[in-house]
Amino acid sequence: MNAAPTPPKAELHVHIEGTLEPEMVFDLARRNGIELPHESVADLRAKYRFSDLQSFLDIYYANMAVLRTEADFRDLAAAYLDRCAEQGVRHAEIFFDPQAHLKRGVPMETVIGGLHSALADSDVSASLILCFLRDESAESAAEALRLAEPFLDRIVGVGLDSAEVGHPPSKFTEVFARARELGLRAVAHAGEEGPPEYVREALDLLGVQRIDHGIRALEDPELVERLRRERIPLTVCPLSNVRLGAFAELSGHTLPALLEHGLLVTVNSDDPAYFGGYVDENFDAVRRELGLSTEQLRELAANSFRAAFLDDRRRDEFL
Ligand code: ADE
Ligand code: ZN
């Protein structure tokens, strides 16, 4: 899958567990002596036909069973960072889902230790964002944050992901307040499948500095105006939105409308091993299917540095 070269950029919305390619699922299963319920890589890949977010999450969480040791997490992150280097991604802010690992008996230090060692060895600038699973309890999120406290120097912020509808941001007000008290940045998935109200709650109750996805904000003109006025970045994931059914086809994606409204939009891959491409494939797809100009693609790439959790000096170096 060779995408046309695109400008240097940051990736701000990628789940490290969503970079677990089917080949690596098999390699890690072999290394860890795990029997898989799939006959082959092709058989597993053939199961990646999703109707909505939940149908994807079911297989995303099931595949994580192969991630057991610090070396597994290190190898996973190292493979993603190698892709970044190939694709002109100069900076990455990487989500991880510790509750999904803690639940399987994998300690926080194994997860963060493995991911961090790959980041420390890479030439690509990168940081970690600990995501809370919104379909788990607020107490479970608080426990995850407590377990992460010894490793705060290895985390730039917290996020909120997993099944959105029925799990509003308001459920996590306290744990986000605690995270901000600890000096962490905050982001949240909102308006992917959930209503514009969830985007408002994420801003007002969780104090987030970016919205992940946010595509449904367009249903609410006042909210769009607020996002524009307050320069709240939206980390949009075009191929993901099509694979999970938010848009029937990429040609119907509202990315151009978000840009026309003057919003600070970025393009990202979300779960590239599942959705048909890394960040360059997303750039290439929006160029082809939405007819975005070179100028618009450059603006999207520049936005990714504007929206990143970088200090001004480092941001200027990238821009
Ligand atoms: N976890 C991994 N990918 C996700 C997505 N697109 N939305 C919500 N949670 C996720
Ligand atoms: Zn996501």
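- Under the annotation held in an unreviewed UniProt entry, the protein chain carries the name Adenine deaminase and is attributed to Saccharopolyspora gregorii.
- Looking at the protein chain in UniProt, the text filed under Function (unreviewed entry) is "Catalyzes the hydrolytic deamination of adenine to hypoxanthine. Plays an important role in the purine salvage pathway and in nitrogen catabolism."

Comments concerning the UniProt feature "active site" (unreviewed entry) in the protein chain
Part 1 of the reasoning: As recorded in UniProt, the sites labelled "active site" (unreviewed entry) are Glu 192.
Part 2 of the reasoning: Position of Glu 192 among the secondary structure elements: in the loop between β5 (185-190) and α9 (196-204).
Part 3 of the reasoning: Assessed through the 24 C-beta atoms surrounding it within 10 Å, Glu 192 is described here as buried.
Part 4 of the reasoning: Dropping the residues within four chain positions of it, Glu 192 is found in contact with Leu 53, Glu 164, His 213 and Ile 215.

Some details on the sheet that holds strand β1 (residues 9-15)
Part 1 of the reasoning: The eight strands are arranged β1-β2-β3-β4-β5-β6-β7-β8 in an open sheet whose pairing can be described as parallel. In this open sheet, the two strands that pair with only one neighbour each are β1 and β8 (265-267). Looking at each pair of strands side by side, their axes are set apart by 25 degrees on average, direction ignored.
Part 2 of the reasoning: Bridge count between β5 and strand β6 (residues 210-213): four bridges; the pairing is parallel. Bridge pairing in β6 places Ala 190 opposite His 213.
Part 3 of the reasoning: The strands that helix α8 (residues 173-181) touches are β3 (125-133), β4 (157-161) and β5; relative to β5, the one it contacts most, it runs at about 150 degrees.
Part 4 of the reasoning: Lying on the sheet, helix α15 (residues 294-306) is in contact with β1 and β8; it crosses β8 at an angle near 105 degrees.

Reading the values: rules and limits
- Residues numbered from 1 in each chain as written.
- Chains lettered and ligands numbered in written order.
- Predicted model: local features only at pLDDT ≥ 70, side-chain atom pairs only at ≥ 80, totals over all residues.
- UniProt positions renumbered as here; feature names shortened; annotations may be inferred.
- Helix = DSSP H or I, 4+ residues; strand = E, 2+ residues; numbered from the N terminus.
- Buried ≥ 20, exposed ≤ 12 C-beta atoms within 10 Å, placed from the backbone.
- Contact = placed C-beta atoms within 7 Å.
- Pairing = 2+ DSSP bridges.
- Axes fitted to C-alpha atoms, helices over the stretch in contact; angles between N-to-C directions.

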